[in-house]
Amino acid sequence: MADHPLLTGLLDGPDLEDAVVLGDETLATDAVRRAAFAFATILPDEGPVAVHAVPRPETVVAVLGCLLAGVPAVPVPPDAGPGEVRHVLRDSGATAWVGQRPDWVGLPVLPVQLDGAGGGTVAPPRADATGLILYTSGTTGAPKGVELSQGAIAAGLDGLAEAWQWSPEDTLVHGLPLFHTHGLVLGVLGPLRNGARLRHTGSPKPERYAATPGSMYFGVPTVWSRVARDVESARELRRARLLVSGSAPLPAPVFDAVRELTGLAPIERYGMTETMITLSARADGERRPGWVGLPVDGAQTRIRDESGGAVPADGESMGRLEVRGPMLFSGYLGRPRTSADSFTSDGWFVTGDLAARDAQGFHRIVGRESVDLIKSGGYRLGAGEVETSLLARPEVAEVAVVGESDPDLGQRVVAWVVPDGPGGDAVAERLVAHVAEELSWHKRPREVRFVESLPRNAMGKVQKKQLG
Ligand code: MLC
Ligand code: AMP
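This one's a predicted model, so the numbers in the text were calculated from it and none came from an experiment.

Turning our eyes to something else, we now look at the overall build of the protein chain. Across its full length, the protein chain holds 13 helices and 24 strands. For the protein chain, the C-alpha radius of gyration of 22 Å lies close to 23 Å, the compact-globule estimate for 468 residues. A burial count over the protein chain gives 58% of its 468 residues as buried. Intrachain contacts of the protein chain at a sequence separation of at least 6 include 65% that bridge at least 24 residues. For the protein chain, the exposed surface amounts to about 18,600 Å²; the carbon and sulfur share of it is 50%. Charged side chains of the protein chain number 46 positive and 58 negative; the gap between the two group centres comes to 2 Å.

Following this line, the structure appears as structure tokens:
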């Protein structure tokens, strides 16, 4: 299997006694390999396989087994409610399920044996085989399945390995969820491709990071701002080589506080589910608060104004950020039209982010084009999906969901509701619980504000910028 397109470090890298530590369990490289092969050999020829992505070794082994066999894995957020799970299963066409299965899911369950003694072999997949289908929100509608090929994941990870000097000597520590690019692709496949160690702390709490020795630590900005407020834990991280922030903008005061407490200026990097990580500060380069660095190996960027002209690289002028490179996704599953529309006619992916670039090629993310994509605690969610969920409640006549600035979460979800009947705290609580249970915990509004009407323009479109 030396010619596997992605899992080179796992298959040909060093044999480590403690390659993966997840919670109380420690797995050697050989044990991970055997369990993953054992799982790969029981997979159906056709996937995809839905993996209930709890932070446990079984999740890691199931995803690796799928990648070995060339069967796409679909990580399912463990806190996703019935509405979201049904959508993901239907949309992806998943043929089997791994992990604890809700009663109402009819798929066969595939067992993961951590002591997969039998091993077994499978033919290596092609680099263009879909490795993962990651569900992510758009501005409207239900989440879309982003198809990432094994080769794209490999290219994205290699770009980061080069920028961060990621080597088998490294131990990565993080506690991020295992169903997104950050926690799963970078946070699990990253160390396994590089033949390095992984310590997953179950959740990304500062005290857990402090209690777990490592050379690299990953966090979303909310994690780093919590680290910065926990002076004792922060000081423990002085031992690290790199502290890496991404998935949302790292506020400059948090950057400064982390540097002050740990002696390490954070590495900020920028990416998307669709593109992996395309921009990053380098381990051997400048780290500037508020800036996300340079294109990683293989990635290219351009910034264009409304008429498609190049924006001057003066660090101030901003425009639409477009990217291309071998780490980009293959398309949105089953949505050829949307996939094609997300690229320019000359093949650049339109990120939807606004950016500026300076003469040295350093990039700064200035904001997003749409108010309807919200980033809360590093989670991407669409105003539209939360609005649709709320509109299903009889208490809601009209609703507009917005992201408001929040010192801890970056943005917090706020629902402006025109009630059908009385509003009040009890109704607000029911609405929040509905979204948390039907969609997922992190998509719930943190606040519900009842109003008599929503501001609309002459066309009847809600003017979200006037809310607040
Ligand atoms: C959590 N809690 C629940 C619950 N889930 N209670 C009931 N039901 C549920 N389903 C409880 C927790 O136990 C905790 O209690 C409390 O709620 C708060 O939990 P938390 O996890 O701290 O929540 P919160 O503060 O909302 O989250 C902050 C966060 C989280 C940073 C931990 O947002 C997070 O994990 N973000 C990561 C998102 C991410 O990985 N994005 C990457 C996208 S990929 P107690 O008692 O323990 O406090 C991407 C590409 C790229 O963007 O560029 O990387
Ligand atoms: P997701 O698909 O969940 O990965 O979300 C991607 C979006 O997260 C991007 O389009 C950006 O808006 C945002 N993002 C990721 N990293 C950064 C960063 N370092 N700075 C600012 N925004 C970021």
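Once you've had a look at it, read on.
The domain boundaries assigned to the protein chain delineate domain 1 (8-203), domain 2 (266-368) and domain 3 (377-466). Here the C-alpha centre of domain 2 lies 26 Å away from the C-alpha centre of domain 1. On the side of domain 2, 24 residues touch domain 1, which itself brings 30 residues to the contact. At the boundary of domain 1 with domain 2, total buried surface from both sides reaches about 2,200 Å², with 61% on carbon and sulfur atoms. Interface area lost by domain 1 to domain 2 is led by Lys144, Glu147 and Trp164, which between them contribute 24%. In this structure, arginine 282 engages glutamate 162 in a salt bridge whose closest nitrogen and oxygen atoms are separated by 2.9 Å. Connecting domain 1 to domain 2 are 8 residue pairs in polar contact (both at pLDDT 80 or more). Mapped onto the side of domain 1 that touches domain 2, the elements with two or more residues apiece are α4 (82-92), β6 (130-136), β7 (144-149), α5 (150-164) and α6 (181-194). Split into classes, the residues belonging to the side of domain 1 that touches domain 2 amount to 15 nonpolar, 11 polar and 4 charged.

In spatial order, the strands read β2-β1-β9-β8-β10-β11-β12-β13-β14; together these 9 strands make up an open sheet with mixed pairing. Every other strand in the sheet has two partners, leaving β2 (25-27) and β14 (294-295) as the edge strands with one partner each. Bridge count between strand β1 (residues 20-22) and β2: 3 bridges; the pairing is antiparallel. Bridging across to β2, leucine 22 finds its partner in glutamate 25. Across the sheet, helix α8 (residues 221-229) is in contact with β10 (216-219) and β11 (242-245); its angle to β10 comes to roughly 115°.

This part covers the site of ligand 2. Taken together, 16 residues are adjacent to ligand 2, and Arg269, Thr273, Asp353, Arg368 and Arg380 come closest. Contact between ligand 2 and aspartate 353: an oxygen atom at 2.5 Å from a side-chain N or O atom of the residue. The separation between an oxygen atom of ligand 2 and a polar side-chain atom of lysine 375 is 2.9 Å. Computed on the free molecule, ligand 2 has an accessible area of 500 Å², of which 93% lies beneath the protein chains in the complex. Of all elements in the fold, only β12 (267-272) and β19 (363-368) reach the threshold of two or more residues within the shell around ligand 2. No other element matches the 5 residues that β12 contributes to the shell around ligand 2.

Neither face of strand β21 (residues 379-382) is exposed, since Tyr379 and Leu381 on one face and Arg380 and Gly382 on the opposite face are all buried. Pairing analysis gives 4 bridges linking strand β20 (residues 373-376) to β21, with the strands arranged antiparallel. Bridge pairing in β21 links isoleucine 374 to leucine 381. Remark: 2 residues form the turn of the hairpin made by β20 and β21, two consecutive strands paired antiparallel; glycine 377 in that turn has positive phi of roughly 60°.

Along the chain, glutamate 169 falls in the loop between α5 and β8 (171-174). Distance in space between the C-alpha atoms of glutamate 169 and alanine 196 is 6.2 Å, their sequence separation being 27 residues.

Once that is clear, we can look at the pattern of salt bridges. Applying the stated criterion across every chain, the model contains 37 salt bridges. Residue aspartate 372 is joined to lysine 464 by a salt bridge in which the shortest nitrogen-to-oxygen separation is 2.7 Å. Separated by 92 residues along the polypeptide, aspartate 372 in the loop between β19 and β20 and lysine 464 in the segment after β24 (447-450) bring together distant segments of the chain. One exposure class covers both aspartate 372 and lysine 464, and it is buried.

Conventions we followed
Residues numbered from 1 in each chain as written. Chains lettered and ligands numbered in written order. Predicted model: local features only at pLDDT ≥ 70, side-chain atom pairs only at ≥ 80, totals over all residues. Heavy atoms only, no water. Helix = DSSP H or I, 4+ residues; strand = E, 2+ residues; numbered from the N terminus. Rg over C-alpha atoms; globule rule 2.2 N^0.38 Å. Buried < 20%, exposed > 50% of the residue type's maximum accessible area, 1.4 Å probe, protein only. Contact = heavy atoms within 4.5 Å. Areas by Shrake-Rupley, 256 points an atom, 1.4 Å probe, with all protein chains shown as cover. Lys, Arg positive; Asp, Glu negative; His and termini not counted. Charge placed at Lys NZ, Arg CZ, Asp CG, Glu CD. Domains from an automatic or database assignment. Buried area = accessible area lost by both parts, 1.4 Å probe. Salt bridge = Lys/Arg side-chain N within 4 Å of Asp/Glu carboxyl O. Polar contact = N/O pair within 3.5 Å; in protein donor to acceptor, adjacent residues only side chain to side chain. Nonpolar A, V, L, I, M, F, W, Y, C, P; charged D, E, K, R; others polar. Pairing = 2+ DSSP bridges. Axes fitted to C-alpha atoms, helices over the stretch in contact; angles between N-to-C directions. Near = heavy atom within 4 Å.

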